[in-house]
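What follows is the residue order along each chain.
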Amino acid sequence: MSASEEIPACERLVAVLADEERLALFARVVAAGPEGVAPGSLDARTQKALGRLIAAGAARRADDGSGRVTAGAAPFREAANEARAAAEAANAAVLEGAPIDVARCFSRGRLDTLPLAEPLRARVVAHVVERCLGDESGKQWTEAEVGERLAVVTDDVVTLRRELVDRGLLERSRDGSAYWRAG
């Protein structure tokens, strides 16, 4: 297995297309349609960029021996399927052991929104504590470490951290430099 095959397809494609020159070249290859682009018509720098597109799977050489380079949807379908499978795996890991009503508050392993209804809100928050902070009584984390752990399930780390502190599930030092599980 090559190094590029070990990197998920979605990451390879995004990384190779994140460069303006390669993105423009990719657009050129796509615009050429099934006729493709003849590498011989490109300068050395552009040929190198084309090689990177091919290595990442964003483009491919024609099977007819012409050397022309074309692009198709297959690598993007593969990347989408990979990303979907990764999201489902993340969802399963985050929701392991969660009651159905708590699980419904998550999508692709992420907390969609903190429920307003109090009994459910308390169960969701308790589940997040168990999944993100585990049963590490006595362990202290910095604010950044708590943020990293909560970022696994939410984009709004500040609100969730505040909720945990307000509910007494997470305690913090007066200066906010250290956090630990309550109890």
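Residues numbered from 1 in each chain as written. Predicted model: local features only at pLDDT ≥ 70, side-chain atom pairs only at ≥ 80, totals over all residues. Heavy atoms only, no water.

A. Structural context of the overall build of the chain. Counting its regular elements, the chain contains 9 helices and 7 strands. For the chain, the spread of C-alpha atoms along the three principal axes comes to 70 × 35 × 30 Å. Expressed as a percentage of contacts within the chain between residues at least 6 apart in sequence, the contacts between residues at least 24 apart total 50%. Charged side chains of the chain number 25 positive and 29 negative; the gap between the two group centres comes to 2 Å. (Helix = DSSP H or I, 4+ residues; strand = E, 2+ residues; numbered from the N terminus. Contact = heavy atoms within 4.5 Å. Lys, Arg positive; Asp, Glu negative; His and termini not counted. Charge placed at Lys NZ, Arg CZ, Asp CG, Glu CD.)

B. Seen up close, the side chain of Arg 22. Along the polypeptide, Arg 22 turns up in helix H3 (residues 20-32). A polar atom in the side chain of Arg 22 sits 2.9 Å from the backbone oxygen of Val 16. Not counting residues up to four positions away in its chain, the partners in contact with Arg 22 are Ala 15, Val 16, Leu 17, Ala 49, Arg 52 and Leu 53. (Polar contact = N/O pair within 3.5 Å; in protein donor to acceptor, adjacent residues only side chain to side chain.)

C. Spotlight on the sheet that holds strand E7 (residues 179-181). Overall, antiparallel pairing links the 3 strands, which are arranged E5-E7-E6 in an open sheet. Both edges of this open sheet fall to strand E5 (140-141) and strand E6 (170-172), since each of them pairs with a single strand only. As defined by bridge partners, E6 adjoins E7 across 3 bridges and the pair is classed as antiparallel. Note on E7: the bridge partner recorded for Leu 170 is Arg 181. (Pairing = 2+ DSSP bridges.)

D. Broad picture of helix H4 (residues 44-56). An ideal rise of 1.5 Å per residue puts 18 Å on 13 residues; H4 measures up with 19 Å between its terminal C-alpha atoms. Within the sequence span of H4, burial applies to Thr 46, Ala 49, Leu 50, Leu 53 and Ala 56. Each buried residue of H4 lies within a common arc of 125 degrees when the element is viewed along its axis, so the set occupies one face. What points out from H4, more than 90 degrees from its buried face, is the exposed set Ala 44, Lys 48 and Ala 55. Taken together, the buried residues of H4 touch helix H2 (9-17), H3 and strand E2 (69-70). Backbone nitrogen of Arg 45 and a side-chain oxygen of the N-cap are separated by 3.1 Å at the start of H4; the cap is Asp 43. Taken from the residues just after H4, Gly 57 is the one with a positive phi, measuring 90 degrees. (Expected span 1.5 Å × (residues − 1). Buried < 20%, exposed > 50% of the residue type's maximum accessible area, 1.4 Å probe, protein only. Arc of directions from axis to C-beta.)

E. How the structure looks around the packing of aromatic side chains. Applying the stated rule across the entire model yields 1 aromatic pair. Taking 5.8 Å as the distance between ring centres and 50 degrees as the angle between the ring planes, the aromatic pair formed by Phe 26 and Phe 76 counts as tilted. Here Phe 76 lies in helix H5 (residues 74-95) and Phe 26 lies in helix H3, a separation of 50 residues in the sequence. (Phe/Tyr/Trp six-rings, centres within 6.5 Å; stacked < 30°, edge-to-face > 60°.)

F. Fine view of the packing of H2 against H3. Contact geometry for H2 and H3: axes closest at 7 Å, N-to-C directions at 105 degrees. As judged from the angle between their axes, H2 and H3 are roughly perpendicular. Touching Ala 15, Val 16 and Leu 17 of H2 are Arg 22, Leu 23 and Phe 26, all from H3. (Axes fitted to C-alpha atoms, helices over the stretch in contact; angles between N-to-C directions. Parallel < 35°, antiparallel > 145°, perpendicular 65-115°, else oblique.)

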